[in-house]
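# Observations on the model geometry
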Amino acid sequence: MSSVISLKNITKTYTAKKKKVNVVDNVSFDIEEGHIYGLIGPNGAGKTTIMKMIGGLVMPSEGSLSLFGKTDEKELDRVRDRISFMIEAPIIEGGMTARQNMEFIRYMRGVASKERIDEVLEFVGLADTGDKLAKRFSLGMKQRLGIGMALLPDPDVLVLDEPVNGLDPEGIAYVRHILKKLCVEDKKTILISSHLLTELFELCTDFIIINEGKLIEELSKEELIEHSRTYISLKTNKISETVAYIESKLNINDFKVRDNDEIRLYDGIEDVEKLSKSITDGGFIITRLSEEGESLEEYYLEKTGKQVED
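Keep in mind that this is a model prediction, so the values were computed, not measured.

### Here we look at helix α6 (residues 169–186)
- With 18 residues, α6 ought to run about 26 Å at 1.5 Å a step, and its terminal C-alpha atoms sit 25 Å apart, in line with that.
- When we look at burial in α6, the residues that qualify are Gly171, Ile172, Val175, Ile178, Leu179, Leu182 and Cys183. Down the axis of α6, the smallest arc covering the buried residues is 125°, so these residues share one side. In α6, the exposed positions that point more than 90 degrees away from the buried face belong to Pro169, Glu170, Val184 and Glu185.
- Looking at the packing, one finds that the buried side of α6 touches β3 (36–40), α4 (115–123), α5 (139–151), β6 (157–161), β7 (189–193) and α7 (197–203).
- Phi turns positive, to about 60°, at lysine 187, one or two residues after α6.

So this is what it looks like as structure tokens:
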């Protein structure tokens, strides 16, 4: 697979109070065609700055950017027509309808076919909004309209900054459905940032983890699943006594006790039946015993030691 976006040692430096700060610090990664990439990091990690540099809204201080194999500045401007961006928030005129907003984008992006508007409005579930003004749309409708405006020119790549931010579960599920369909059926490449890591895990094929402007790790969903530690989730009628028992009697030291009185055992989990019998023989009543794997959020915290949201 070819890389449609490639960052090589990209740094963006700003000066604040006479001090230089690297908002993005020597970051390199590749976006391959036909994948959905999740750009993960807390507020201030550099996610939006990276997207703005890809879009040409911010120039790198150091390093090089390649889009569809092009690196020359004039060529970059030309091939950016193959990418649509929704950065920070969709730019929607509240005094116009969904169709009028789309007509404006059709004119601005040079889309010849008026029928394309009908196709896209149907695709994002806004075909029946009629004369309703965009300022009266729900947040979910506005986000879907923003995605529709980005889709209108039929781009090869979508770059979306927090497209599900503030949406209710139904709205998040709808946007996730749209983006999956675009990737699977239309072979679109998508770069999406979000702090909702559970949703990214459901949606993305690949992950780019950044923190304090630095690249922490790039990995596929398969690699994430492989790297995430398997554990036994255990609850009993006497949590404190169980913890002492598994340490002193079962010689298990690799475990965590969660706030919800769940014990996560990472050691001695090869024989679940034997473990269950040992705990029962100790006089404890097991109320939960299941084999599970760490979530994307837990993996992120393990790699960075940071909360996803500031």
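### Description of the environment of isoleucine 279
- Note that isoleucine 279 resides in helix α10 (residues 272–281).
- Here isoleucine 279 falls in the buried class, since its relative accessible area comes to 0%.
- Considered as a pair, isoleucine 279 and isoleucine 246 are 33 residues apart in the sequence and their alpha carbons are 7.8 Å apart.
- Apart from the residues within four sequence positions on either side, isoleucine 279 is in contact with Leu234, Thr236, Tyr245, Leu250, Phe284 and Ile286.

### Thoughts on the layout of surface pockets
- Put simply, the largest pocket is a space of about 700 Å³.
- Every residue lining the largest pocket is counted, 23 residues in all, and those nearest its centre are Phe85, Met86, Ile91, Ile105 and Arg109.
- For the lining of the largest pocket, the elements supplying multiple residues, two or more each, are β5 (83–86), α3 (98–109) and α5.
- Considering each element in turn, the lining of the largest pocket owes the most residues, 5 residues, to α3.
- Here the lining of the largest pocket is composed, by residue class, of 15 nonpolar, 4 polar and 4 charged.
- Taken as a whole, the second largest pocket holds about 160 Å³ of empty space.
- Lining the second largest pocket are 13 residues, with Asn43, Gly44, Lys47, Thr48 and Glu162 sitting closest to its centre.
- In terms of residue class, the lining of the second largest pocket is built from 2 nonpolar, 6 polar and 5 charged.

### Overview of the confidence of the model for the protein
- Across the protein, the average pLDDT comes to 89, with 98% of residues at 70 or higher.
- At the low end of the mean pLDDT range in the protein sits helix α11 (residues 296–304), at 79; at the high end sits strand β4 (residues 62–67), at 96.

### Describing the sheet that holds strand β11 (residues 255–257)
- Taken together, the 4 strands give an open sheet; going across it, the order is β11-β12-β10-β13, and neighbouring strands pair in antiparallel fashion. A single partner strand is all that each edge strand has here, and the edge strands are β11 and β13 (286–293). Strand-to-strand twist across the sheet, computed as the mean angle between neighbouring axes with direction ignored, equals 20°.
- Strand direction decides the pairing type here: strand β10 (residues 230–236) and strand β12 (residues 263–265), joined by 3 bridges, are antiparallel. Within the sheet, the bridge partner assigned to leucine 234 lies in β12 and is isoleucine 263.
- Along the sheet, α10 makes contact with β10, β12 and β13, crossing β13 at roughly 150°.

### Side note on empty space enclosed by the protein
- Inspection of the entire model under this criterion finds 1 cavity of 30 Å³ or more.
- Computed from the structure, the largest cavity encloses a volume of approximately 70 Å³.
- For the lining of the largest cavity, the secondary-structure elements that each account for two or more residues are α6 and α7.
- With 4 residues, the top contributor of residues to the lining of the largest cavity is α6.

### Description of the environment of isoleucine 178
- Relative to the helices and strands, isoleucine 178 is located in helix α6.
- C-alpha separation for the pair isoleucine 178 and cysteine 204, spaced 26 residues apart in sequence, amounts to 13 Å.
- Apart from the residues lying within four places of it in its own chain, the contact partners of isoleucine 178 are Phe123, Val124, Arg144 and Ile147.

Reading the values: the criteria
- Residues numbered from 1 in each chain as written.
- Predicted model: local features only at pLDDT ≥ 70, side-chain atom pairs only at ≥ 80, totals over all residues.
- Heavy atoms only, no water.
- Helix = DSSP H or I, 4+ residues; strand = E, 2+ residues; numbered from the N terminus.
- Expected span 1.5 Å × (residues − 1).
- Buried < 20%, exposed > 50% of the residue type's maximum accessible area, 1.4 Å probe, protein only.
- Arc of directions from axis to C-beta.
- Contact = heavy atoms within 4.5 Å.
- 1 Å grid on protein atoms, 1.4 Å probe; cavity = no way out; pocket = protein on both sides within 12 Å on 5 of 7 lines; lining within 4 Å.
- Points joined across faces, edges and corners; volume = space filled by probe spheres on them.
- Nonpolar A, V, L, I, M, F, W, Y, C, P; charged D, E, K, R; others polar.
- pLDDT = per-residue confidence, 0-100.
- Pairing = 2+ DSSP bridges.
- Axes fitted to C-alpha atoms, helices over the stretch in contact; angles between N-to-C directions.

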